[in-house]
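# Results of the structural survey
Each chain, written out:
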Amino acid sequence: MLARRRLIMLGGAAIAAPALARAARAQTFPSRFVRLVVPFPPGGAVDNAARIIAARLGEMWGQQMVIENKGGAGGNLAAQSVLQAEADGYTVYICSIGHAINQFIYRSLGYDPVADFAPVTLMCVYPNILAVPNSSPDRSVQDLIARAKAEPGKVTYASSGIGTSLHLAGELFKRMAGVDLTHIPYRGAGPALNDLIPGRVDAIFANFPSTLPYVQNGQLRGLAVTTEKRQPEVPDLPAIAEFVPGYDVSSWFALFVAARTPPDIVAKLNQDAVAALNHPPVKARYAQLGATVVGSTPAELATHLKAEMDRWGPVIKAAGIKVDG
């Protein structure tokens, strides 16, 4: 009987050991710096959002979260670099709509945005803003539409790359307003804004976090927000929907890791990221940029990702948006 009890106890310990090891691993994570891979150059909306949460997580962990900007191919290069790293939670990917729609735009991604990535959290949602240079003759959405109709194809709009939320917002505006604008893609919102301010391009449907400061300090002229209703941060700016009924575009940021990352580490990342996002100073900082903090569960992010794929796939197909590669 004693031998049998000992065997049972040893068996129970063997079963419990992996769970205890996982718990210990999660409690000690991270024990060194964590990389946060940003799919665009510094200065854009994704980069700004990344630096806010990275600073707070670094404070919480006592370990630095290092920003790694890896632009190119609409985020595909960054996504691939995350998958090439060890799947241990020490490489995190911050992304936006490109993660949902690149599969419809690029001939080959080299990865599956659903099967190859584990969702961590939907960080926040935010509107885009239609802005023009201060030198622009357009002082309203009606002015821009009238000029575009009078000079088809001559009015340009910048974006942070083919298939980004900025590009899709412009394509949807073209279709719904019945105008012909020429799309000028850049490698990130930062370079696009650098050409917009001096008037080398005519307009942008840019993310709030990257563009609102320029509008507030008078470097750019805001014409409207892209959401269905006006936004409290800029109550004087109308919604595009006031002139183009039914127009409504919002953007988002989310955190993912490689799918092979241990579930306990994913859970720890989710817990800590949600806590960081809901830290009052962090929440206020995002609010200043026009972003509303969400802090979802991994399952809720997975549902959101699928909904975005279902929404934008048909729009991209109808617009014929494609990139070779």
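Everything discussed here concerns the structure shown above.
Bear in mind that the values here come from a model prediction, so they are computed numbers and not experimental data.

### Some points on the overall build of the protein
Secondary structure assignment for the protein yields 11 helices and 10 strands. Each principal axis of the C-alpha distribution contributes one length, and for the protein these read about 95 × 40 × 30 Å. The buried share among the 325 residues of the protein stands at 55%. Long-range pairs, those at least 24 residues apart, make up 77% of the contacts in the protein between residues at least 6 apart in sequence. In the form shown here, the protein has an accessible surface area of approximately 14,100 Å², with 55% of it arising from carbon and sulfur atoms. Distance between charge centroids for the protein: 7 Å, based on 30 positive and 25 negative side chains.

### Overview of the pattern of salt bridges
Per the counting criterion, the structure on display carries 10 salt bridges. Where Asp88 meets Arg32, a salt bridge forms, and the shortest distance between an N and an O atom there is 3.2 Å. A residue pair is termed long-range when its members are at least 10 positions apart, and Asp88 in the loop between α3 (76–84) and β3 (91–95) and Arg32 in the loop between α1 (2–28) and β1 (34–38) qualify at 56 residues. Here Asp47 ties to Arg51 by a salt bridge, and the two come within 2.9 Å at their closest N and O atoms. Of this pair, Asp47 and Arg51 both sit in helix α2 (residues 45–61), separated by 4 residues, roughly a single helical turn.

### What about empty space enclosed by the protein?
It is the rolling of a water-molecule-sized probe over the atoms that shows where space remains empty. Scanning all chains against the criterion turns up 2 cavities of 30 Å³ or more. Counted as a void, the largest cavity has a volume near 170 Å³. For the largest cavity, the lining is made up of 22 residues, of which Phe40, Val46, Ser96, Ser160 and Thr164 are closest to its centre. Those elements that provide at least two residues to the lining of the largest cavity are α2, β3, α4 (98–105) and α6 (165–177). At 3 residues, the largest contribution of residues to the lining of the largest cavity is made by α2. In the lining of the largest cavity, the residues fall into 11 nonpolar, 10 polar and 1 charged. Of the voids in this model, the second largest cavity is the one considered here, and its volume is about 40 Å³.

Conventions and cut-offs
- Residues numbered from 1 in each chain as written.
- Predicted model: local features only at pLDDT ≥ 70, side-chain atom pairs only at ≥ 80, totals over all residues.
- Heavy atoms only, no water.
- Helix = DSSP H or I, 4+ residues; strand = E, 2+ residues; numbered from the N terminus.
- Buried < 20%, exposed > 50% of the residue type's maximum accessible area, 1.4 Å probe, protein only.
- Contact = heavy atoms within 4.5 Å.
- Areas by Shrake-Rupley, 256 points an atom, 1.4 Å probe, with all protein chains shown as cover.
- Lys, Arg positive; Asp, Glu negative; His and termini not counted.
- Charge placed at Lys NZ, Arg CZ, Asp CG, Glu CD.
- Salt bridge = Lys/Arg side-chain N within 4 Å of Asp/Glu carboxyl O.
- 1 Å grid on protein atoms, 1.4 Å probe; cavity = no way out; pocket = protein on both sides within 12 Å on 5 of 7 lines; lining within 4 Å.
- Points joined across faces, edges and corners; volume = space filled by probe spheres on them.
- Nonpolar A, V, L, I, M, F, W, Y, C, P; charged D, E, K, R; others polar.

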